[in-house]
Amino acid sequence: MGERFSSQFPAPVVIVGVATAKKKNIMTAAWVSTVSFDPPIVMVSISPRRYTHDLLLEAKEFTLSILTDQQRQLSTTAGVSSGRKSDKLKLDIFKTQEGKKVKAPLIMDSRAILECKLIKHFTVGDHTLFLGEVVNFTCDKSKSPLVLFNRKYYSLGDYLADYP
Ligand SMILES: Cc1cc2nc3c(=O)[nH]c(=O)nc-3n(C[C@H](O)[C@H](O)[C@H](O)COP(=O)(O)O)c2cc1C
């Protein structure tokens, strides 16, 4: 049941970056959203089974790189292998750099990058909801975001109208 309803939300595709004193990692996430404008807060839902999960609890900060429609290979690669077994950041396809306000790695050439400080986390069912305050934000409006829907990748469809 879970898989069928969750795949019906068109979702951004994001790479979560984390860095502790000893380890760095990246993973793909689509269960991510804005939560508050002021203060600016976002959420990402991460399974405790992910290597990223405990690193994030330790680091207490993270980045969200919103991928472009040219970066779907990054999504798949960061989303199928675990940093527990191999260092994804060593792969040539990932061009990363450290955040300005956090130590976590971010993905260069993304549509947008949010640097976040962890403010709260709680277990919700089989995932942990991480809430982060956005402490730095950059956006390249010339790039188009990657969209996940029904377990397939899309670029944005046609422009319809302005939001009122
Ligand atoms: C498109 C896509 C979206 C994903 N979204 C999430 C998500 O929102 N939350 C989550 O816990 N895992 C999600 N995953 C799965 C993790 O990215 C995957 O298990 C990854 O290998 C975990 O890496 P890690 O063990 O290095 O942390 C997604 C995977 C893909 C391909």
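For the structure, check the block above.
What you see is a predicted model, and the numbers here were worked out from it, not measured in a lab.

Caption draft 1: Examining helix α2 (residues 51-59) more closely. Residues of α2 that are buried: T52, L55, L56 and A59. Considered in projection along α2, the buried side chains sweep an arc of 100° and stay on one side of the axis. Residues of α2 that are buried sit in contact with β2 (14-19), β3 (24-29), β5 (41-46), β6 (61-66), β9 (112-124) and β10 (127-139). At the exit of α2 stands K60, carrying a positive phi of roughly 60°.

Caption draft 2: Broad picture of the site of the ligand. In the vicinity of the ligand, 22 residues are found, and the nearest of them are W31, Y51, T52, G79 and S82. Of all the elements in the fold, those that place two or more residues in the shell around the ligand are β3, β5, α2 and α3 (72-80). A per-class count over the shell around the ligand returns 9 nonpolar, 11 polar and 2 charged.

Caption draft 3: Inspection of α3 at higher detail. Listed in full, the buried residues belonging to α3 are L74, S75 and A78. For α3, the buried positions fall inside an angular range of 100° around the axis, keeping them on one side. Structural note: α3 exposes Q73 and V80 on the side pointing more than 90 degrees away from its buried face. In this structure, the buried side of α3 is in contact with β2, β3 and β8 (105-107).

Caption draft 4: Expanded view of unusual backbone geometry. Along the chain, D38 connects to P39 via a cis peptide bond; the corresponding omega equals 5°. For P39, the location among the structural elements is in the loop between β4 (32-36) and β5. Residues other than glycine seldom take positive phi values, yet K60 does so here, at roughly 60°. Secondary-structure assignment places K60 in the loop between α2 and β6.

Caption draft 5: A look at the pairing of β3. Note that β2 and β3 share 6 bridges and pair antiparallel. When the sheet's bridge partners are listed, I15 is paired in β3 with T28.

Caption draft 6: Inspection of the nonpolar core at higher detail. In terms of nonpolar packing, the biggest core is built from 32 residues, with V14, I15, V16, V18, F62 and L64 touching the most fellow members. Per-element tally for this core: the top contributor is β2, with 5 residues. The residues contacting V18, other than those within four sequence positions of it, are K24, N25, T52, L55, L56, A59, F62 and A104.

Caption draft 7: Just the pairing of β4, in detail. Within β4, only 0 of the 5 residues are buried, which leaves it mostly out in the open. Of the pairings in the sheet, the one linking β4 to β5 comprises 4 bridges and is antiparallel in character. Its bridge partner lying in β5, T34 is registered against V42. Between β4 and β5, which follow one another and run antiparallel, lie 4 residues.

Caption draft 8: Representation of the environment of Y159 within the structure. Among the secondary structure elements, Y159 is positioned in the segment after β12 (152-154). Judged by local crowding, Y159 falls into the exposed class, with 6 C-beta atoms found within 10 Å.

Caption draft 9: Here's a closer look at the sheet that holds β12. Across the sheet, 3 strands lie side by side as β1-β11-β12; this open sheet has antiparallel pairing. The sheet is open, and its two edges are formed by β1 (11-12) and β12, each paired on a single side. The pairing of strand β11 (residues 147-149) with β12 spans 3 bridges and is classified as antiparallel. Counted as the bridge partner of V147 is Y154 from β12.

Cut-offs applied
Residues numbered from 1 in each chain as written. Predicted model: local features only at pLDDT ≥ 70, side-chain atom pairs only at ≥ 80, totals over all residues. Buried ≥ 20, exposed ≤ 12 C-beta atoms within 10 Å, placed from the backbone. Helix = DSSP H or I, 4+ residues; strand = E, 2+ residues; numbered from the N terminus. Arc of directions from axis to C-beta. Contact = placed C-beta atoms within 7 Å. Near = placed C-beta within 6 Å. Nonpolar A, V, L, I, M, F, W, Y, C, P; charged D, E, K, R; others polar. Pairing = 2+ DSSP bridges. Core = buried A, V, L, I, M, F, W, Y, C linked by C-beta atoms within 7 Å.

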